[in-house]
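Spelled out from the first residue to the last, the chains are:
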Amino acid sequence: MGLQGDVRGSSDLVDPTRGHAKEALSLAQMQEQTLQLEQQSKLKEYEAAVEQLKSEQIRVQAEERRKTLSEETRQHQARAQYQDKLARQRYDDQLKQQQLLNEENLRKQEESVQKQEAMRRATVEREMELRHKNEMLRVEAEAQARAKAERENADIIREQIRLKAAEHRQTILESIRTAGTLFGEGFRAFVTDWDKVTATVAGLTLLAVGVYSAKNATAVAGRYIEARLGTPSLVRETSRISVLEALRHPVQVSRRLLSKPQDALEGVVLSPSLEARVRDIAIATRNTKKNKSLYRNILMYGPPGTGKTLFAKKLALHSGMDYAIMTGGDVAPMGREGVTAMHKVFDWANTSRRGLLLFVDEADAFLRKRATEKISEDLRATLNAFLHRTGQHSSKFMLVLASNQPEQFDWAINDRIDEMVCFALPRHEERERLVRMYFDKYVLKPATEGKQRLKLAEFDYGKKCSEVAQLAEGLSGREIAQLAVAWQEPRVHETLLARPECCLRRDEAMGWTGSLWLQAMAYASEDGVLTEAMMDTRVQDAVLQHQQKMQWLKVEGPSPMSTVTVPGPDT
């Protein structure tokens, strides 16, 4: 209203046309509205700021309340933990006091029992002493009475002794006269009767012939029994059941006889191509046994520790055959007895009713080339005997040779081989399977069963097994198994390396991984917990050992088996 009065007052001063006055009035109204809008917007901003301040205060109050509740909760938990600790401590004190009281009662009972036992022993000893004294008095009285009676009857006794001696002497003289007479008459009658003399000579002759025949028959029977029941000296290990073993362990023998054939690849980790090939061999061998056909001879070659012996055992069990393992290094020390021992092995193999898989480990030790190798005459004769007994295929036994250096075989041995199988070092996939299998067998299973003093720390076992397989490049299956066995005694290994008075060098202590004396000292750590760091330490040691072995092999000269690989997708 004041602004409109100002406008009326100023209208008298302006141009009388009144046109500009209306525009000025509208402009003034617009400015008034603008100011009112600005005032309203500022008022709203202020109200919004007030509302925001209130919400911030509410949020701060809520945060303070939450912190207060959290602190109260923490204090309640701490108070509850402390009260629980006090309760457990009181309970432990009560248990200790009860244990001390029980021990004191037990000690008093033992003392009471000892006192009673001492009193009883003293009573028994006193009774024995009195009984002994009474017995001595009785014996003394009887001896005195007997001596008195003998003194009174001494003359009568002497006369009886004299009469008995005279009678005995007369009897002996009569016996001598009668025997001499009978012997003389009998000898005279024998000499004068030529029929009796002839019969006696013939009887003595037949007796001598019978003794000689019995001696030879006993030797022949012994050799037959040894071939049927005994085990030849060259055989180191066999699954064939002997009569003595059946008598000693009837339950185990019955269980073995009633057991079902096993899978030939159970517990054996191989590459897919090699696994398919050896499975075909196992199926063919089993069908050969069922059809009673001729067995094929197999050569398995490759680096040590790649599963040749293990597969041979599994092959025999899968086919329902017995297996026998002999080592080529046992043949040379036998000298002249080697030929006889070799014939005994094959004679014994031919008596097997189930069929025998004869596995010759380290066969190159005695099946060397006769033309170029310097071998003794005894070993050459033994090799000739082996060639003679394996010249033709047999339906009684199957020959499986294993060697790390097959190039040293005599050509006649190569001619007797029907199939060759290469067992190479495991690749990454096979190494990971081996690590997982042996980790479960030697570490995880004993730790979970609780039967042994071994525990596992918390870490990703599958990831660790994959890392170990990646680091274990070039290691054989046996070395991976030894590594898993070494995980059972982590602290023992550290103790051996840390003790300065220990007589082993570092490389010697590492080289004995998995040996029997370390297994006997397994779980010697304070808590028996296997950690990830301990596993890494053992893996590093195993890798260093393998590298050292490879350096030694390079110094001696590269072996063909050290570079054998199996073709696969990544090669």
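Presented here is an overview of the structure given in this document. (Residues numbered from 1 in each chain as written. Predicted model: local features only at pLDDT ≥ 70, side-chain atom pairs only at ≥ 80, totals over all residues. Heavy atoms only, no water.)

### Topic: the sheet that holds strand β5 (residues 397–403)
Logical step 1: On the basis of which strands lie adjacent, the open sheet formed by six strands has the order β1-β3-β4-β5-β2-β6 and mixed pairing. The two strands at the open ends of the sheet, each matched to only one other strand, are β1 (235–238) and β6 (419–422). Averaged over all pairs of adjacent strands, the angle between strand axes in this sheet comes to 20 degrees, irrespective of strand direction.
Logical step 2: Judged from the five bridges that link them, strand β4 (residues 356–361) and β5 form a sheet pairing that is parallel. Note on β5: the bridge partner recorded for Phe-359 is Val-400.
Logical step 3: Sheet strands touched by helix α9 (residues 337–350): β1, β3 (322–327), β4 and β5. Its angle to β4, the strand with the most contacts, is close to 150 degrees. (Pairing = 2+ DSSP bridges. Helix = DSSP H or I, 4+ residues; strand = E, 2+ residues; numbered from the N terminus. Axes fitted to C-alpha atoms, helices over the stretch in contact; angles between N-to-C directions. Contact = heavy atoms within 4.5 Å.)

### Focus: the packing of aromatic side chains
Logical step 1: For the structure on display, the rule yields four aromatic pairs.
Logical step 2: Residues Phe-366 and Phe-386 carry aromatic rings whose centres are separated by 5.7 Å and whose planes lie at 85 degrees to one another, so their mutual orientation is edge-to-face. On the criterion of sequence distance, the pair formed by Phe-366 in the loop between β4 and α10 (377–389) and Phe-386 in helix α10 is long-range, its members being 20 residues apart. For the residue pair Phe-366 and Phe-386, the accessibility class agrees, reading buried in each case.
Logical step 3: Put simply, the rings of Phe-346, Phe-366, Phe-386 and Phe-397 pair up and form one aromatic cluster. (Phe/Tyr/Trp six-rings, centres within 6.5 Å; stacked < 30°, edge-to-face > 60°. Buried < 20%, exposed > 50% of the residue type's maximum accessible area, 1.4 Å probe, protein only.)

### Regarding the pairing of strand β2 (residues 298–301)
Logical step 1: Burial of the side chains of β2 extends over both faces: Ile-298 and Met-300 are buried on one face and Leu-299 and Tyr-301 on the other.
Logical step 2: As paired elements, β2 and β5 share four bridges and run parallel to each other. Its bridge partner lying in β5, Tyr-301 is registered against Ser-403.
Logical step 3: As judged from the four bridges shared by β2 and β6, these two strands associate in the parallel manner. Bridged to Tyr-301 within β6 is Cys-422.

### Some thoughts on a nonpolar patch on the surface
Logical step 1: A cluster of nonpolar side chains, namely Phe-183, Phe-187 and Val-191, defines an oily patch on the protein surface of about 340 Å² accessible area.
Logical step 2: As for its placement among the helices and strands, Phe-183 is situated in helix α3 (residues 154–192).
Logical step 3: By relative accessible area, which is 62% here, Phe-183 ends up exposed. (Patch = residues over 30% accessible without salt bridge, like charges linked within 9 Å, V, L, I, M, F, W, Y side chains within 5 Å. Areas by Shrake-Rupley, 256 points an atom, 1.4 Å probe, with all protein chains shown as cover. Salt bridge = Lys/Arg side-chain N within 4 Å of Asp/Glu carboxyl O.)

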